[in-house]
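Structural characterization, general
What follows is each chain in one-letter form.
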Amino acid sequence: MLAKLNFPRESLIVAGFWKLLFGAGIKLLVLVPALLLLGVQPDWRIVLVPLVMLAIVLLGLAVGLLLTPVGMLYGDVARALPLATQLLMYLTPVVFAMPSGGVMERLFMLNPMTSLVLTARAWATGMEATMLVPMAWVLAVTVIMLLLGWLAYRITMPVIVERMSS
Amino acid sequence: MAADQLISVEDVSKKFCRDLSTSLRYGFFDLGREMLGKPRTMELRDKEFWAVRDASFELRRGECLGMIGHNGAGKTTLLRMLNGLIKPDRGRIAIRGQVGALIALGAGFNPILTGRENIYINAAVLGLSRKAVDARIEEIIDFAGVEQFIDMPVQHYSSGMNVRLGFAIAAILIEPDILFLDEVLAVGDISFTIKCLNRVRELMRDSAVVFVSHNMPLISSFGARVLVMAHGQRLLDTDQPGVAINHYYGLARSKQQVSGAGGAEVLEARLESDTDGGVPVDGTIRQGGSTWLTARLHVDDGVQVHMNVFVDDASMAQVLGVPVREPGGAAMTLGPGEHLLRVPLGVMELNAGRYSIMISLRDAGSGELRCRHQGLTPFTVLAEQVSWSKFVRATVSERLPL
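Here is a short report on the structure shown in this document. Keep in mind that this is a model prediction, so the values were computed, not measured.

Some remarks on the overall build of chain A
When helices and strands are counted, chain A shows six helices and zero strands. For chain A, the spread of C-alpha atoms along the three principal axes comes to 55 × 35 × 25 Å. In chain A, the share of contacts with a sequence separation of at least 24, taken over all contacts with a separation of at least 6, comes to 62%. Once the 10 positive and 6 negative side-chain charges of chain A are each reduced to a mean point, those two points are 9 Å apart.

Let's talk about the sheet that holds strand 17 (residues 337-347) of chain B
Residue and element names in this part refer to chain B. With antiparallel pairing, three strands are arranged side by side in an open sheet as 11-13-17. The sheet terminates laterally at strand 11 (264-273) and strand 17, the two strands that pair on one side only. Taking the axes of each pair of neighbouring strands and ignoring which way they run, one obtains an average angle of 20° across the sheet. The pairing of strand 13 (residues 290-299) with strand 17 spans ten bridges and is antiparallel. Bridge pairing links Thr291 to Gly346 in strand 17.

What about the nonpolar core?
All names here are of chain B. Within the largest apolar cluster, 49 residues are counted, with the highest numbers of intra-cluster contacts made by Leu102, Ile119, Leu165 and Phe167. Considering every element that reaches this core, the biggest residue donor is helix 5 (residues 159-173), with nine residues. Grouped together as the second largest cluster of nonpolar side chains are 39 residues, Val9, Leu78, Ile103 and Val210 included.

Digging into the environment of Arg116 of chain B
Its place among the elements puts Arg116 of chain B in helix 3 (residues 115-125). The contact partners of Arg116 of chain B, leaving out residues within four places of it in the chain, are Ile137, Glu138, Ile141, Ile150 and Asp151 of chain B.

So, the pattern of salt bridges
Residue and element names in this part refer to chain B. Applying the stated rule across the entire model yields 29 salt bridges over all chains. The salt bridge partner of Asp89 is Lys14, with a shortest N-O separation of 3.7 Å. Remark: Lys14 occurs in strand 1 (residues 5-17) and Asp89 occurs in the loop between helix 2 (75-82) and strand 4 (90-95); sequence separation between them is 75 residues. This pair shows no difference in class: Asp89 is buried, exactly as Lys14 is. Between Arg45 and Asp30 there is a salt bridge, with the nearest N and O atoms lying 3.3 Å from each other.

Considerations on the packing of helix 6 (residues 132-163) of chain A against helix 1 (residues 20-36) of chain B
Between helix 6 of chain A and helix 1 of chain B, the least distance of the axes is 9 Å, while the angle of their chain directions is 155°. Taken together, the axes of helix 6 of chain A and helix 1 of chain B are roughly antiparallel relative to one another. Of the two possible hands of crossing, helix 6 of chain A and helix 1 of chain B adopt the one that is right-handed. Along its contact with helix 6 of chain A, which presents Ala152, Ile155, Thr156, Val159, Ile160 and Arg163 of chain A, the element helix 1 of chain B presents Ser23, Tyr26, Gly27, Asp30, Leu31, Glu34 and Met35 of chain B. Across the contact of helix 6 of chain A with helix 1 of chain B, the residue classes break down as seven nonpolar, three polar and three charged.

Notes on the pairing of strand 18 (residues 353-363) of chain B
Residues and elements named next belong to chain B. Summarising burial for strand 18: nine of the eleven residues are buried, a large majority. As paired elements, strand 14 (residues 305-313) and strand 18 share nine bridges and run antiparallel to each other. From the neighbouring strand, Val305 faces strand 18, where its bridge partner is Asp363. The hairpin turn running from strand 18 into strand 19 (residues 369-382), its antiparallel successor, is five residues long, and Gly367 in that turn takes a positive phi close to 80°.

A few points about the environment of Asp177 of chain B
Residue and element names in this part refer to chain B. Here Asp177 shows up in the loop between helix 5 and strand 6 (178-182). Spatially, the C-alpha atom of Asp177 lies 9.9 Å from that of Arg60, the residues being 117 residues apart in sequence. In this structure, Asp177 is in contact with Leu6, Arg61, Arg96, Gly97, Gln98, Asp206, Ser207 and Ala208, ignoring residues within four places of it in sequence. There is a polar contact of 3.2 Å between the side chain of Asp177 and the side chain of Arg61. Of note is the side chain of Asp177, whose polar atom sits 2.8 Å from the backbone nitrogen of Gln98.

Looking at the interface of chain A and chain B
Listed as interface residues are 22 residues of chain A and, on the opposing side, 27 residues of chain B. When the two sides are added together, the surface that chain A and chain B hide from each other amounts to roughly 2,200 Å², 66% of it contributed by carbon and sulfur. The largest contributions to the chain A side of the interface with chain B come from Val159, Glu162 and Arg163 of chain A, which together make up 30% of the buried area. Inspection of the chain A/chain B interface yields three salt bridges. Among the ionic pairs, Lys14 of chain B bridges to Glu162 of chain A, the shortest N-O distance being 2.7 Å.

So, helix 2 (residues 49-73) of chain A
Over its 25 residues, helix 2 of chain A runs 36 Å from end to end, which matches the ideal 36 Å to within 8%, given 1.5 Å per residue. By the largest-angle criterion, Leu67 of chain A marks the main kink of helix 2 of chain A, which is about 50°, and a proline, Pro69 of chain A, follows within four residues. Inspection of helix 2 of chain A places Val49, Val52, Ala55, Val57, Leu59, Ala62, Leu65, Thr68, Pro69, Gly71 and Leu73 of chain A among the buried residues, and these make up the whole buried set. Of the surrounding elements, those touching the buried residues of helix 2 of chain A are helix 1 (10-37), helix 3 (75-89), helix 5 (112-125) and helix 6 of chain A together with helix 1 of chain B.

Some thoughts on the packing of helix 2 of chain A against helix 3 of chain A
Residues and elements named next belong to chain A. Running from amino to carboxyl end, helix 2 crosses helix 3 at an angle of 125°, the nearest separation of the two axes being 4 Å. It follows from the interaxial angle that helix 2 and helix 3 lie oblique. When helix 2 is examined against helix 3, the residues Leu67, Val70, Gly71 and Leu73 are found in contact with a partner set consisting of Gly75, Val77, Ala78 and Leu81.

Cut-offs and rules
- Residues numbered from 1 in each chain as written.
- Chains lettered and ligands numbered in written order.
- Predicted model: local features only at pLDDT ≥ 70, side-chain atom pairs only at ≥ 80, totals over all residues.
- Heavy atoms only, no water.
- Helix = DSSP H or I, 4+ residues; strand = E, 2+ residues; numbered from the N terminus.
- Contact = heavy atoms within 4.5 Å.
- Lys, Arg positive; Asp, Glu negative; His and termini not counted.
- Charge placed at Lys NZ, Arg CZ, Asp CG, Glu CD.
- Pairing = 2+ DSSP bridges.
- Axes fitted to C-alpha atoms, helices over the stretch in contact; angles between N-to-C directions.
- Core = buried A, V, L, I, M, F, W, Y, C linked by side-chain atoms within 4.5 Å.
- Buried < 20%, exposed > 50% of the residue type's maximum accessible area, 1.4 Å probe, protein only.
- Salt bridge = Lys/Arg side-chain N within 4 Å of Asp/Glu carboxyl O.
- Parallel < 35°, antiparallel > 145°, perpendicular 65-115°, else oblique.
- Left-handed = near helix turned anticlockwise from the far one by under 90°.
- Nonpolar A, V, L, I, M, F, W, Y, C, P; charged D, E, K, R; others polar.
- Polar contact = N/O pair within 3.5 Å; in protein donor to acceptor, adjacent residues only side chain to side chain.
- Buried area = accessible area lost by both parts, 1.4 Å probe.
- Expected span 1.5 Å × (residues − 1).
- Bend = angle between axes of the 7 residues up to and from the residue.

As structure tokens, this is what we get:
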């Protein structure tokens, strides 16, 4: 379709974005009762959680956009990405708690997702968020990366289309 | 660019690569160059070739350009560049106005959704809102002629229905300044084709049209101007479709072809004409001259055949049939042995172009095809002017009292 029709290429991104939000929304609907059931007492800050989740989605989108040109050119890259992200997940305090000290802690701290995930978790469970400053930095970089990624996507699309089968 | 000039193409070239992994590597480099804002590499790199080379033309509103050429001549690549899907490596394309393309019809269809739902989706791809479609949906369904199946998933449509719906959506909804057509008029059955042609003619009135087709009658009826392409290059750009089509046909080397059950054969065939002092001019005959075919045939023992001569045009379609008769009117029967015949083909009223002779020998009894010899003595009919018609007969009209 990309090789045959000329339509705003951004529509594909927007469609993916909504798909993700829809999925995340359903998960949130499950999460809130689950939290209450587990006896967690969230306060008003839980309403901020969707915003942080949005930031996570945007960060993913920004990284994705920057990788898209290469990924669309080389199918191998596109296939390797889900695997790589799965590995990266272990550098995020999702399943395992944040290690204290050592190389691992440094690696965790380098992961931009760490501050976002920890903040979201803190606000969802009524605890104090400790990584607001790093998160602000991450957000700023995300915005810049988004713009750059969008630009790259626009510029490189004709190059990609000409290498695709028509 | 002048105000009514909608398309301007200047020395546009595009190269492609023959090898997949090299192509991807070049693509990767090109990505980098593109992002850094560097110009593209102008020269051919290893394993690359020019798919389109130095194409130039301009088109105004109301004009129509037909592109013809062999497969791989670069027609579609040029169209894709015009459509903005890919960028030229060299040269410049300027487009003014809303572009509509009737290419890859039904490409955006989602197979599990119904025809009606797909109309909305496809329209969205074309940039139209739900409301705009609501107003014209009945017209689209009616045009496509799929009323009974409009609420059926399109995966169960026949391929013809699919393309019809695709064409209807695009053709009804777009009102472009510039229209691109790539071999889409050949879809569907004859009644739908006529419908398509009428719609395209309507759209043509106030737009500039570029279209690709292998259907020569269509080219000559649509194309005010014709671009003949071969190997990515422009061979000819003319406003006389007849000239262009003949040129294109001239590119195809006609080959002799013999078929049939055997038992009779054509040994030799040659043409002569009374023009140019009665000398048989090899290869060319002047329009309006009388022409004869001299044929030497051999018929096996126990076989009797009837002879038919045909004049084929460059697309190997028969334009003139000449059954060979006895003076009384019965078919001439040729018995065993060798025969030398001089068959009058009459006045050469054929349109200027390339032709060849076909001789068919059928069994006088069973009617079985003994021998059919195609592509004999290829010849060119010369005329001052190329007509759009198959035959040309200039006449003097009688003046009647009013």
